[in-house]
Amino acid sequence: MKMRFLIGLIFLSCMTLLGQEKKPTLMVVPSDLWCFQNDFYTSFDGEKFPDYARAFQESPEVLQVVSQINGMMAERGFPMKNLENVLKTLKSNALEDELKMSKETGSDLRESPMDMLRKSAKADIIVQLTWTVEEQGPKKAINFILQGIDAYTNKQVATATGIGEPSFAASIPVLLSEAVTVHIDDFANSLQAHFDDLYENGREIIIRIQVWDDWDKDLESEIEGREIGFIIEDWLADNTKNGSFNTSDITENMAIFEQVRIPLIAENGRAMDARRYTRQLSKFLSEQPYSIPNKLMMKGLGRATLILGSK
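Residues numbered from 1 in each chain as written. Predicted model: local features only at pLDDT ≥ 70, side-chain atom pairs only at ≥ 80, totals over all residues. Heavy atoms only, no water.

## Remarks on the sheet that holds strand S4 (residues 80-81)
One open sheet holds the 5 strands; their spatial order is S4-S1-S7-S8-S9, and the pairing between them is mixed. Of all the strands in the sheet, just S4 and strand S9 (156-163) have a single pairing partner and so form its edges. Across 5 bridges, the pairing between strand S1 (residues 26-30) and strand S7 (residues 125-136) is parallel. Bridging from a neighbouring strand, Leu26 pairs with Ile125 of S7. (Pairing = 2+ DSSP bridges. Helix = DSSP H or I, 4+ residues; strand = E, 2+ residues; numbered from the N terminus.)

What follows is the structure, encoded as C-alpha cells:
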C-alpha cells in the first residue's frame, strides 16, 4: 500500500510539473492605428508615435477595453504587464536615459518613445488592440483586431479579428468581450506556440558592429593572424543557441548580424536581452589578446550596436 501511495504521489508531481508551462509576459496596448485615428499621438524625429498617456487620461474607453483584454489573457495564465503602470514608471525616469553619448567622441543614440516603453515593460509580446464601434440602427456592434507583436523583433506572431453581435444596450467592454471570446483561445495558443519556439531555439536579436572614424583598425584588420570580422563571427557561432545567426552584411567598417538566437534565460537565472548578451561580446573583444575598446549602445530590447575603437 505504501509503495502504491508513493508511486501515486510521484505521478501527480510529474503531472504538475508538466502542467507548469512557462508563458510569455504580455502587455496590451491600443494599436498605432487606433491612436492615430483618434489623435492620440506625438512626433519624434519627424515620425508619429502613439501617446498612450494622453489616451488613458482623455479616453475612459481605453482603460476599459485594455483592462478587459488584460483580464481575458490573465485568465488563461499569461503574466500581464499593466500599460498604465509602465507609463507612470517611464514618467518618473530621469531624462538622462533619453540621450546616450560616447564619452570620447560625443556621438549619440536616441531611443524612440516605443523603444523606451518596451525597455521599461520588458514584456515578451506586445498585444495591439484595434476596435471600432458600428452603428446598426438602434444597435451597436464592435469590430476588433488583436495583433501579437514580438517585442524584440517587431514581428507579428499572432492575430485575431472579428465582429460581435449587435446589441441595444451593452457597453463597449462587454461588446468587446463577447466579440473576442470566440477567437481568444486560438490567439492565445498562437502566442504560446511562438514562445515555446523561443524557449527551445532562442530569442532573435539584431547586432550591428561599427567602427569609430579615428580608429586605426577596421573589421579586416588582423589580430594574431585572424581578421576581426571573423573573430566576431566565430564568437557568435560559439555563443548563440544552436549556432544560429545570419550575417546580413559585412564590410571593413560595419557588420549586421540578424536572427541572432540567444537564450531566454542567462546562467544566473535572469532574463537575457540584447544588452546583456552583447555585453558578453563587448568584454570578449576588450580583453586579451584582442584589447579592442568598444562602446555598447542599445535601441529597444532586441537591437544592439557595438562601436569599436573607443568608449
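Read on for the rest.
## Some remarks on the pairing of S1
Counting buried residues in S1 gives 5 out of 5 residues, a clear majority hidden from the surface. Residues Leu26, Val28 and Pro30 line one face of S1 and the alternating positions Met27 and Val29 line the opposite face, and both faces are buried. As defined by bridge partners, S1 adjoins S4 across 2 bridges and the pair is classed as parallel. Bridge pairing in S4 places Leu26 opposite Met80. (Buried < 20%, exposed > 50% of the residue type's maximum accessible area, 1.4 Å probe, protein only.)

## As for the pattern of salt bridges
Pairs can form between side chains of opposite charge whenever their charged atoms are close. Counted according to the given criterion, the structure contains 11 salt bridges. For Arg76, the salt bridge is made with Asp185, and the minimal N-O distance between the two is 2.7 Å. Taken as a pair, Arg76 in the loop between helix H4 (60-75) and S4 and Asp185 in helix H7 (residues 172-201) lie far apart in primary sequence, 109 residues in all. The class of Arg76 is partly exposed, set by a relative accessible area of 25%. (Salt bridge = Lys/Arg side-chain N within 4 Å of Asp/Glu carboxyl O.)

## Thoughts on the sheet that holds strand S10 (residues 203-211)
Spatial ordering of the open sheet is given by S13-S14-S10-S16-S15, a layout of 5 strands whose pairing is mixed. Unpaired on one side and paired on the other, strand S13 (246-250) and strand S15 (294-299) mark the two borders of the sheet. Pairwise comparison of adjacent strand axes, ignoring direction, gives a mean angle of 20° for this sheet. Taken together, the 7 bridges between S10 and strand S14 (residues 254-262) define a ladder with antiparallel strand orientation. Paired with Ile209 across the bridge in S14 is Ala255. (Axes fitted to C-alpha atoms, helices over the stretch in contact; angles between N-to-C directions.)

## Details of a positive patch on the surface
Taken together, the side chains of Arg270, Arg275, Arg276, Arg279, Lys283 and Lys311 make up a positively charged region of the molecular surface. Checked against the element boundaries, Arg276 lands in helix H9 (residues 274-286). (Patch = residues over 30% accessible without salt bridge, like charges linked within 9 Å, V, L, I, M, F, W, Y side chains within 5 Å. Areas by Shrake-Rupley, 256 points an atom, 1.4 Å probe, with all protein chains shown as cover. Lys, Arg positive; Asp, Glu negative; His and termini not counted. Charge placed at Lys NZ, Arg CZ, Asp CG, Glu CD.)

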